[in-house]
Amino acid sequence: MSTPAAPRSLAEALRNRDDASLAALLRARPDLITPVPTDLTQLATRAGTRASVVRALERLDRFALQTAEALAVAADPAGYDELLGLMSGDGGDPAVAAALPRALGTLREQALVWGGDDRLRLVRTARELLAPSPQHPSPTGLGPTVQEATAGMSPGRIQELVTAVGLPSTHDSVSAVASLTALYGDRARMTALLAEAPPESREVLDRLVWGPPYGQVTADPAPRLRWLLDRGLLLPTAPGTVVLPREVALHLRGGRAHRAAEPLPPAPEAAATHRPQVVDTTAAGQAYTALATVEELLKDWDEGGPTVLRSGGLSVRDLKRTAVALDVSEPVAAFWVELAYAAGLLASDGEADERYAATPAYDEWLELPAAERWAQLAQAWLTATRTAGVVGGRDVKERTLSALGPGLDRSAAPEVRHRVLSLLAGLPEGASPSAESVLARLRWERPLRGPQQSDDLRGRLATWALSEAEMLGVTGRGALSAHGRALLGAPAPAPSPAPKDAEPAQEGPGDKLPVHHVPVALEPLSPTEQATASAAAVRLLAPLLPEPLDHVLLQADLTAVAPGPLKRPLADTLNVLADVESKGGATVYRFTPGSVRRALDAGRTATDLHAFLTAHSRTPVPQPLTYLIDDVARKHGHLRVGAASAYVRCDDDTLLNEIMADKRAAALRLRRLAPTVLATQADPATLLDGLRAMGFAPAAESAEGDVLISRADAYRTPPRTAPEPVPDGPPTPDTTLLAAAIRAIRAGDLASTTPRKQTASATPSGDLPRTTSAETLATMQAAVLTGEALWIGYVNAEGAASQRVIAPIRVEGGFVTAYDHTADEVRTYPLHRVTGVAELAED
């Protein structure tokens, strides 16, 4: 049995792969499938383009990237043993030796490396990106080879270097450079040569050995540098600049391409542990607070929220006001505003004077059970690409990024959030990791390269994800909750080790776990799987959320205490009748003349208010509260304000005299029209506010003289959809698309590589065949009789040209019906769209 020939190109290497291997390549690099390549040669070409290779390198883990960097400084091609030596050094490293096949397999799978173990080749673009150059130093810290560094050196100078190191002179520079290269790569001879070096010269080498390998020298180098220059241990690259050759550096490093290879990912460390029940209840409390905060935010904007900036988003002043209303910091307020927007509960109304307000979806959301409302918020947070953490920063044009404004999308955010929570899911139940260990793991999985090193966006996204998950109630005390785990579709947790020297009831970060745990790899869920996971999270969270109460505790100091969350009708009425004084586990409401007047303005009567308090108080209604309601109700509506611009009328002219005599009424510029009527240029709303500020309780009236009930109508935007996440590159193809794409690629490859008979009309390889209409028809009819397959060129209705291998079955009416080997089915083609036809070679 003959051994298959080694592939001579990446296209040939891809041609030798099976369908599963091609599917793994297209799944790892989905940009290669958009659009579907016509054949494997085009797939190989696309896999070697700079943009695609850069994208693939950015998604390698640290050890796979180190392996690619080592191949970039190795010979081309390199053997597996040479690569292993570069990764583990002369002394060897069992961990590196064990992990290298996996890393090399990853590079092969992603078509960054091809060839057998005896001839490993890094694709040309990847080598150009990773190989050392003066403009782009290698991450390994290695410099150019002796051959590269001496490329512009005079033959006489090269012979001087050969003689200085004790090698026999040669007749040409090529053999001289080869002799130097062999010397520097020989461990024994190099050790003997460096043993003669002065200590000061060794210090110079020690400073350059791990990079950068370049240094500056003067026109008259010091003796310690002259000794190195004379022996080629430092080579000039430009006037005043020298470099440490790669072979010399590798000898000094003991053969290692990297200072420290990292074959194993750092596992997140469980820094503290808590009882799972405490984690779940803490997370449930945070989840309820999240619901209350979103409701409070949108209730504050119920009659129309802040205006939209001309450039889009909230102004800094409006964000500050929102933060004060929610009693949170501005960054936290930005998070809640963006979360409501991502969930489709908040949007701009699109009017000429554009404002933000709740959407109709908010009313539907309010009708859902609390656990389902939380699941909607958590799901929106998991998939949103808009990132509140960048609010207040600057965009590329140095413009300030505002909440709800443009420029907040970070396409990596969903993937980072999912990965952070997956790392937490891999820890024992109730264990919370240190943020540093999570960041270290993420940096290993996606190491920073080039310009990214100055902006660790993924690190910042991970830090924000940890804090946002805690605020949202996905985690509790830093550990993943049961409902958070269900939301991810994570498997059952590992048993949590009990903290040492701690009683079961004690909780806190002081219980250290000096162990590491391997995180689980969770794939993003499909829509159906996500719906199932959300339903499971709802079932786990629902029993932990407090049941809404239908009562309050009235107190003699004109306050009411709600010992827990209130049912919505009770809460809505109480928010009108009283002012919230403090929030927390129990909400304290305070009754004031202004709040009672607000309830009367909303259409309630004193009798209604007394009945309401009696029905919903577990304590007797205090007498001071009864007196307050009756006193405000007695005065309410005694004054009537209408539109003149505005007027005040009252049957009691003494009361009007009191208003006219009050200095505080000067700003209203009132004048008497009749004993019982005052008029002003101010509008009715301003007049109402002014009189109320003076301590009166006026009521607005209609043109017919009826009292107007000032019930706050909830303002809603037109129906709006939630913002679509910005994808981080092409989506990962599903199994059906992969199968169809591979089938099309292989069929196109068959058409382009099938041997063809040479004829007078033969075209260069890769071009469409060209024959006359008569020749095409005659060849088709002959193939029907003989049953032979043909190679044709075909142009479809959109003008796209392709090559196909067909077996004609019938030719009639200007059409050919044939079995298409390219599509693996019987098709019919118009003959006028066939550019030409050629017979296939007999073999």
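Refer to the structure printed above.
In this report, we go over the structure that sits alongside the text. (Residues numbered from 1 in each chain as written. Predicted model: local features only at pLDDT ≥ 70, side-chain atom pairs only at ≥ 80, totals over all residues. Heavy atoms only, no water.)

**Quick notes on the side chain of H551**
Heads up, the condition is: In this description a helix means any DSSP run of H or I spanning at least four residues, a strand means any run of E spanning at least two, and both kinds are numbered starting from the N terminus. For the purposes of these results, a polar contact is taken to be a pair of N or O atoms within 3.5 Å, where, inside protein, one atom must be able to donate a hydrogen and its partner to accept one; residues adjacent in sequence count only when each atom of the pair is a side-chain atom.
Assignment of secondary structure puts H551 in the loop between α25 (527-541) and β12 (553-555). Among the polar contacts listed, one links the side chain of H551 to the side chain of D550, at a separation of 3.3 Å. Within the structure, H551 has its side chain in polar contact with the side chain of R618 (distance 3.5 Å).

**So, the sheet that holds strand β15 (residues 587-590)**
Convention followed: Between any two strands, at least two bridges found by DSSP are needed for them to pair. Lines fitted to C-alpha atoms define the axes, with helix axes restricted to the stretch in contact, and inter-axis angles between N-to-C directions lie between 0 and 180 degrees.
The 4 strands lie next to each other as β12-β13-β15-β14, forming an open sheet whose pairing is antiparallel. At either end of the open sheet lies a strand with only one pairing partner, and these are β12 and β14 (579-582). In this sheet, neighbouring strand axes are inclined to one another by 30° on average, regardless of whether the strands run parallel or antiparallel. Sheet analysis places β12 next to strand β13 (residues 559-562), joined by 3 bridges and oriented antiparallel. Looking at the pairing, L553 lines up with V561 of β13.

**Things to note about the packing of aromatic side chains**
Worth spelling out the cut-off: When two rings of Phe, Tyr or Trp (its six-membered ring) have centres within 6.5 Å they constitute a pair, described as stacked for plane angles under 30 degrees, edge-to-face for angles over 60, and tilted for the intermediate range. Burial classification: accessible surface area is computed with a 1.4 Å probe over protein chains only, and a residue below 20% of its type maximum counts as buried, one above 50% as exposed, and the rest as partly exposed.
Tallied over the entire structure, the rule returns 4 aromatic pairs. Taken together, a centroid distance of 4.8 Å and an interplanar angle of 65° make the contact between Y794 and Y829 edge-to-face. Linking Y794 in strand β21 (residues 790-795) with Y829 in strand β24 (residues 825-830), this pair joins segments that are 35 residues apart in sequence. Grouping residues by exposure puts Y794 and Y829 together as buried.

**A closer look at helix α31 (residues 684-693)**
The test is simple: Comment: arc refers to directions from the helix axis out to C-beta atoms.
Taken residue by residue, α31 has L687, L688, G690 and L691 as its buried positions. Along the axis of α31, the buried positions cluster into a sector of 165°, meaning they face one direction only. Looking one or two places after α31, you find G695, whose phi comes out positive at around 105°.

Note that every value here comes from positions in space, so none of it alone points to a role or purpose.
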